[in-house]
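Chain by chain, the residues run as shown.
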Amino acid sequence: MPQASANKTASSRDIGMDLGTANTLVYARGHGIVLNEPSVVAVKAGTTTALAVGTEAKETIGRTPGSITAIRPLKDGVICDYEAAEEMIRHFVRKAVPGRRPRTRMVICVPSGVTPVERRAIIHASTRAGARKVHLIEEPMAAAIGAGLPVAEARGSMVVDIGGGTCEVAVISLGGIVTSRSLRVGGDRLDTAIIDYVRKEHALLIGERTAEDVKIGIGSAWPVPERPELETRTFTVRGREKVGGMPKTLELGAADVRSALDEPIEAIIAAVRSTLEECPPELSGDVMQHGIVLTGGGALLPGLDLRVASATGIPVFVADAPLDCVALGSGKCVEDLDTLGSIFGA
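Not measured: the values here are computed from a predicted model.

Conventions adopted
Residues numbered from 1 in each chain as written. Predicted model: local features only at pLDDT ≥ 70, side-chain atom pairs only at ≥ 80, totals over all residues. Heavy atoms only, no water. Helix = DSSP H or I, 4+ residues; strand = E, 2+ residues; numbered from the N terminus. Rg over C-alpha atoms; globule rule 2.2 N^0.38 Å. Buried < 20%, exposed > 50% of the residue type's maximum accessible area, 1.4 Å probe, protein only. Contact = heavy atoms within 4.5 Å. Areas by Shrake-Rupley, 256 points an atom, 1.4 Å probe, with all protein chains shown as cover. Axes fitted to C-alpha atoms, helices over the stretch in contact; angles between N-to-C directions. Parallel < 35°, antiparallel > 145°, perpendicular 65-115°, else oblique. Left-handed = near helix turned anticlockwise from the far one by under 90°. Nonpolar A, V, L, I, M, F, W, Y, C, P; charged D, E, K, R; others polar. Arc of directions from axis to C-beta. Pairing = 2+ DSSP bridges. pLDDT = per-residue confidence, 0-100. Domains from an automatic or database assignment. Buried area = accessible area lost by both parts, 1.4 Å probe. Salt bridge = Lys/Arg side-chain N within 4 Å of Asp/Glu carboxyl O. Polar contact = N/O pair within 3.5 Å; in protein donor to acceptor, adjacent residues only side chain to side chain.

Digging into the overall build of the protein chain
Then, in step 1: Helices and strands together make up the secondary structure of the protein chain, namely twelve helices and 18 strands.
Then, in step 2: For 346 residues, the compact-globule formula gives about 20 Å, and the C-alpha radius of gyration of the protein chain, at 20 Å, lands near that figure.
Then, in step 3: Taken over the C-alpha atoms alone, the protein chain extends approximately 60 × 55 × 35 Å along its principal axes.
Then, in step 4: Taking all 346 residues of the protein chain together, 50% fall into the buried category.
Then, in step 5: Taking the intrachain contacts of the protein chain between residues at least 6 apart in sequence as the baseline, contacts between residues at least 24 apart amount to 64%.
Then, in step 6: Total accessible area on the protein chain stands at roughly 15,000 Å², and carbon and sulfur atoms take up 51% of it.

Pasting the structure below:
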């Protein structure tokens with residue numbers, strides 16, 4: 001699978017897009033992943049005029065004057081601001097495929113629990129942004145393909161894709177999803193859990209970016225024996241007192257953050273268990289033998305694989321390049337788009 005560095009332009013007409021709540025990745029046919037930027041749009045207040053998109057727009061979150069609003073057009077994996085989403089998609093398509101937008105065919109990844117109305121919204125926004133033809137593929141299937149799982153074989157493969165807005169759990173066999181769960185818990189929910197914990201336990205108000213930094217810096221789901229240094233790390237949090245409103249700093253430890261993340265992680269584990277309970281016995285045996293594969297940004301949380309394995313009694317593995325799996329899966333579909341056209345309904 002050819003793969004290019006992020007944010008490199010390409011001339012391919014066909015692209016695959018992992019349209020994520022937190023980040024959008026674009027795969028160009030024959031070039032690999034050519035763009036990886038935050039799913040953020042900065043607009044002038046009271047208008048739909050986009051002042052910045054992607055990386056530049058993310059820098060404005062929490063720091064914008066009253067005349068500028070930073071918008072995340074997707075929430076829980078689906079479009080919540082149609083006009084901003086259309087502008088964002090148009091910007092990313094223009095950046096990834098310069099000069100050939102009217103002929104671009106797109107494969108876009110969507111959560112497995114997306115409604116028909118939400119599907120139509122994504123297709124319509126992408127078409128208005130310059131796509132000639134739009135095909136949708138469910139995220140857990142794309143993640144499994146990108147992770148290299150044998151999805152076409154008569155063998156059960158289980159994938160847990162934890163993105164920014166959703167957690168997609170699925171058992172796949174013979175090219176289809178046999179049983180699945182789409183949970184609106186992802187990286188954003190983990191950040192919110194940290195914000196809520198700091199507010200309740202320490203009466204300190206912090207922002208989303210600070211919470212994300214804490215999660216990345218000292219976050220974990222389970223003690224990792226191979227990385228004992230994680231347990232001794234601390235993180236200095238700067239925020240505003242809930243009472244009085246004065247600036248304040250606070251030292252958080254790994255145990256504090258693990259406690260904060262407990263509820264959303266338990267929700268993910270519950271989704272894994274319920275998916276396994278609905279899985280046919282033969283496929284359950286395959287999953288038991290070959291294990292569960294974690295993909296998405298949430299898979300990078302230290303100890304998550306150990307915690308899921310402890311809760312289910314099944315081996316759990318983190319995919320290679322988990323952040324790219326969904327985009328790479330859509331890319332493999334793009335590379336074979338002419339062959340797969342009938343499957344997509346082209």
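Topic: the packing of helix 2 (residues 82-96) against helix 3 (residues 116-128)
Then, in step 1: Direction vectors running N to C along helix 2 and helix 3 enclose 50 degrees, while the axes themselves pass 8 Å from each other. With respect to each other, helix 2 and helix 3 are oriented oblique. You can see that helix 2 and helix 3 cross each other, and the crossing is right-handed. On helix 3, the residues that touch Tyr82, Glu86, Ile89 and Arg90 of helix 2 are Ala121, His124, Ala125, Ser126 and Arg128.
Then, in step 2: Of the residues belonging to the contact of helix 2 with helix 3, the class tally is four nonpolar, two polar and three charged.

What to know about helix 10 (residues 304-312)
Then, in step 1: Those residues of helix 10 that fall on the buried side of the exposure criterion are Leu304, Arg307, Val308 and Thr312. Taken around the axis of helix 10, the buried residues stretch over an arc of 115 degrees, which confines them to a single face.
Then, in step 2: Elements that come into contact with the buried residues of helix 10 comprise strand 11 (157-162), helix 8 (262-277), strand 17 (292-295) and strand 18 (316-318).
Then, in step 3: Phi turns positive one or two residues past the end of helix 10, at Gly313, with a value near 75 degrees.

So, the pairing of strand 13 (residues 176-183)
Then, in step 1: Here seven bridges tie strand 12 (residues 167-173) to strand 13, and the two strands are oriented antiparallel to one another. Its bridge partner being in strand 13, Ser173 is matched across the sheet by Gly176.
Then, in step 2: The antiparallel hairpin formed by strand 12 and strand 13 contains two residues in its connecting segment, where Leu174 sits at a positive phi of about 50 degrees.

Digging into the sheet that holds strand 14 (residues 204-205)
Then, in step 1: Reading across from one edge, 14-15-16 is the order of the three strands in this open sheet, with antiparallel pairing throughout. The sheet terminates laterally at strand 14 and strand 16 (247-253), the two strands that pair on one side only.
Then, in step 2: Relative to strand 15 (residues 234-241), strand 14 runs antiparallel, the two being bridged by two bridges. Within strand 15, the residue paired with Leu204 across the bridge is Glu241.
Then, in step 3: Sheet strands touched by helix 5 (residues 187-202): strand 14 and strand 16. Its angle to strand 16, the strand with the most contacts, is close to 110 degrees.

Points about helix 4 (residues 139-146)
Then, in step 1: With respect to burial, helix 4 is a largely interior element, eight of its eight residues being buried.
Then, in step 2: The set of residues buried in helix 4 consists of Glu139, Pro140, Met141, Ala142, Ala143, Ala144, Ile145 and Gly146.
Then, in step 3: Downstream of helix 4 by one or two residues, Gly148 has phi in the positive range, about 85 degrees.

Details of the sheet that holds strand 3 (residues 32-38)
Then, in step 1: Pairing in this open sheet of five strands is mixed, and the strands run 3-2-1-9-10 from one edge to the other. If you trace the sheet from one side to the other, it starts and ends with strand 3 and strand 10 (131-138), each paired once. For this sheet, the mean angle separating the axes of adjacent strands, direction not counted, is 20 degrees.
Then, in step 2: In this structure, strand 9 (residues 104-110) lies alongside strand 10, joined through seven bridges in parallel fashion. The partner of Arg105 across the bridge, within strand 10, is Lys133.

Let's talk about the confidence of the model for the protein chain
Then, in step 1: Of the residues in the protein chain, 90% reach a pLDDT of 70 or more, and the chain-wide mean stands at 88.
Then, in step 2: Per-element confidence in the protein chain is highest for strand 17, whose mean pLDDT is 98, and lowest for helix 12 (residues 337-344), whose mean pLDDT is 56.
Then, in step 3: Scored below 50 in pLDDT, residues 1-6 makes 20 contacts in the model with residues more than four places away or belonging to other chains.

Considering the domain arrangement of the protein chain
Then, in step 1: According to the domain assignment, the protein chain consists of domain 1 (15-143 + 325-341), domain 2 (147-185 + 262-323) and domain 3 (187-260).
Then, in step 2: Measuring from the centre of the C-alpha atoms in domain 1 to the corresponding centre in domain 2 gives 25 Å.
Then, in step 3: Summed over both sides, the interface of domain 1 with domain 2 buries roughly 1,500 Å², with 58% coming from carbon and sulfur.
Then, in step 4: Residues Arg184 and Glu118 are paired through a salt bridge, measuring 3.8 Å at the closest nitrogen-oxygen approach.
Then, in step 5: Across the contact surface, domain 1 and domain 2 share four residue pairs in polar contact (both at pLDDT 80 or more).
Then, in step 6: Going through the elements one at a time, helix 4 and helix 11 (325-335) are the ones with two or more residues in the side of domain 1 that touches domain 2.
Then, in step 7: In terms of residue count, helix 4 provides more of the side of domain 1 that touches domain 2 than any other element does, four residues in total.
Then, in step 8: Residue composition of the side of domain 1 that touches domain 2, by class: nine nonpolar, four polar and four charged.

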